[in-house]
Amino acid sequence: GKVTVQEEGGVRLGPRTSFALWREQVRGRSLPWDDRHAGNAADLRNHLVEALFRRGRAEVGAARALQRTLLPTTLPVVPGWAVDARYEPSGSGQVGGDWYDVLVLGDGRLALAVGDVTGHGLPAAAAMGQLRNAVRAYLLDAAPPSVVLGRVGRLARWTLPGQMATL
């Protein structure tokens with residue numbers, strides 16, 4: 001290729017001719033596959049697809065179980081209040097990071113929390129569990145909602161960088 005020497009002593013290859021010296025050397029090419037080799041490769045592909053499918057189903061099952069354990073099984077009975085909840089995951093069947101919680105605080109106030117972590121599957125359900133438990137922990141001292149939200153936001157930025165959630 002064309003070589004240009006610059007004033008600073010650097011060397012620069014000309015862009016249009018720099019590939020003129022390139023050559024391809026090929027060694028060790030295999031013989032064409034026969035039907036037996038092609039069949040073996042297809043069988044391996046099928047086994048891998050099945051294994052990945054099973055692993056995906058196991059992860060979805062684990063995420064569903066985690067999500068179920070983190071949602072309230074009963075709601076508190078509070079005089080003067082009727083508290084009820086209905087949780088319906090999206091029609092896609094994917095488990096996400098949605099949650100709700102109802103707590104009676106030590107000073108008698110009622111706290112309701114509804115949140116959603118972006119994404120689906122086990123990572124979203126795990127992040128949801130962390131944030132839900134953080135909300136519960138910060139509510140223990142009956143802090144006002146703005147204080148709880150600020151604390152949860154700082155915790156999320158520290159422990160779940162790059163994750164997004166609403167509360």
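About the criteria used
Residues numbered from 1 in each chain as written. Predicted model: local features only at pLDDT ≥ 70, side-chain atom pairs only at ≥ 80, totals over all residues. Heavy atoms only, no water. Helix = DSSP H or I, 4+ residues; strand = E, 2+ residues; numbered from the N terminus. Buried < 20%, exposed > 50% of the residue type's maximum accessible area, 1.4 Å probe, protein only. Contact = heavy atoms within 4.5 Å. Areas by Shrake-Rupley, 256 points an atom, 1.4 Å probe, with all protein chains shown as cover. Salt bridge = Lys/Arg side-chain N within 4 Å of Asp/Glu carboxyl O. Expected span 1.5 Å × (residues − 1). Polar contact = N/O pair within 3.5 Å; in protein donor to acceptor, adjacent residues only side chain to side chain. Core = buried A, V, L, I, M, F, W, Y, C linked by side-chain atoms within 4.5 Å. Axes fitted to C-alpha atoms, helices over the stretch in contact; angles between N-to-C directions. Left-handed = near helix turned anticlockwise from the far one by under 90°. Nonpolar A, V, L, I, M, F, W, Y, C, P; charged D, E, K, R; others polar. Arc of directions from axis to C-beta.

Q: Tell me about the overall build of the protein, and name the residues and values.
A: When helices and strands are counted, the protein shows three helices and five strands. When the helices and strands of the protein are placed in sequence order, the string is β-β-α-β-β-α-α-β. By residue count, 22% of the 167 residues in the protein fall in the buried class. Considering only contacts in the protein between residues 6 or more positions apart, those separated by 24 or more positions represent 54%. For the protein, the exposed area adds up to about 12,800 Å²; of that, 57% sits on carbon and sulfur atoms.

Q: Explain the pattern of salt bridges to me, using residue names and the numbers behind them.
A: Counted according to the given criterion, the structure contains three salt bridges. Across the salt bridge formed by arginine 132 and aspartate 101, the nearest N and O atoms sit 3.7 Å from each other. Of this pair, arginine 132 sits in helix α2 (residues 121–139) while aspartate 101 sits in strand β3 (residues 96–104); the two residues are 31 residues apart in sequence, bridging distant segments of the chain. The salt bridge partner of aspartate 101 is arginine 136, with a shortest N-O separation of 2.5 Å. With aspartate 101 in strand β3 and arginine 136 in helix α2, this pair connects stretches of sequence that are 35 residues apart.

Q: Can you explain α2? Please cite residues and give values.
A: When the terminal C-alpha atoms of α2 are compared, their 27 Å separation across 19 residues agrees well with the 27 Å that a helix rising 1.5 Å per residue should span. Along α2, the residues classified as buried are Gly121, Ala124, Ala125, Ala127, Met128, Gly129, Leu131, Arg132, Ala134, Val135 and Leu139.

Q: Kindly report on the environment of aspartate 101, identifying the contributing residues and their values.
A: The exposure class assigned to aspartate 101 is buried, which follows from its relative accessible area of 4%. The spatial distance from the C-alpha of aspartate 101 to the C-alpha of alanine 85 is 9.3 Å, given a sequence separation of 16 residues. Those residues in contact with aspartate 101 that lie beyond four places of it in its chain are Pro72, Ala111, Leu112, Ala113, Arg132 and Arg136. Only 2.5 Å separates the side chain of aspartate 101 from the side chain of arginine 136, close enough to count as a polar contact.

Q: Would you mind going over the nonpolar core in detail, with residue names and values included?
A: Within the largest apolar cluster, 19 residues are counted, with the highest numbers of intra-cluster contacts made by Trp99, Val117, Leu131, Val135, Leu139, Val148 and Val152. Mapped by element, the contributors of at least two residues to this core are β3, β4 (110–120), α2 and α3 (145–159). For this core, the leading source of residues is α2, giving six residues.

Q: With reference to specific residues and values, describe the packing of α2 against α3.
A: For the pair α2 and α3, the least separation of the axes is 10 Å and the interaxial angle reads 140°. As for how α2 packs across α3, the hand of that crossing is right-handed. Contacts from Gln130, Leu131, Ala134, Val135, Tyr138 and Leu139 in α2 reach Val148, Arg151, Val152, Leu155, Ala156 and Thr159 in α3. Broken down by class, the residue content of the contact of α2 with α3 amounts to nine nonpolar, two polar and one charged.

Q: Any details on α3? Residues and values, ideally.
A: Compared with an ideal rise of 1.5 Å per residue, which puts 15 residues at 21 Å, α3 spans 21 Å between its outermost C-alpha atoms and is within 8% of the ideal. Within the sequence span of α3, burial applies to Val148, Val152 and Ala156. Across the axial projection of α3, the buried residues extend over an arc of 65°, all falling on one side. Exposed residues pointing more than 90 degrees away from the buried face of α3 are listed as Ser146, Arg154, Arg157 and Trp158. Against the buried residues of α3 lie α2.

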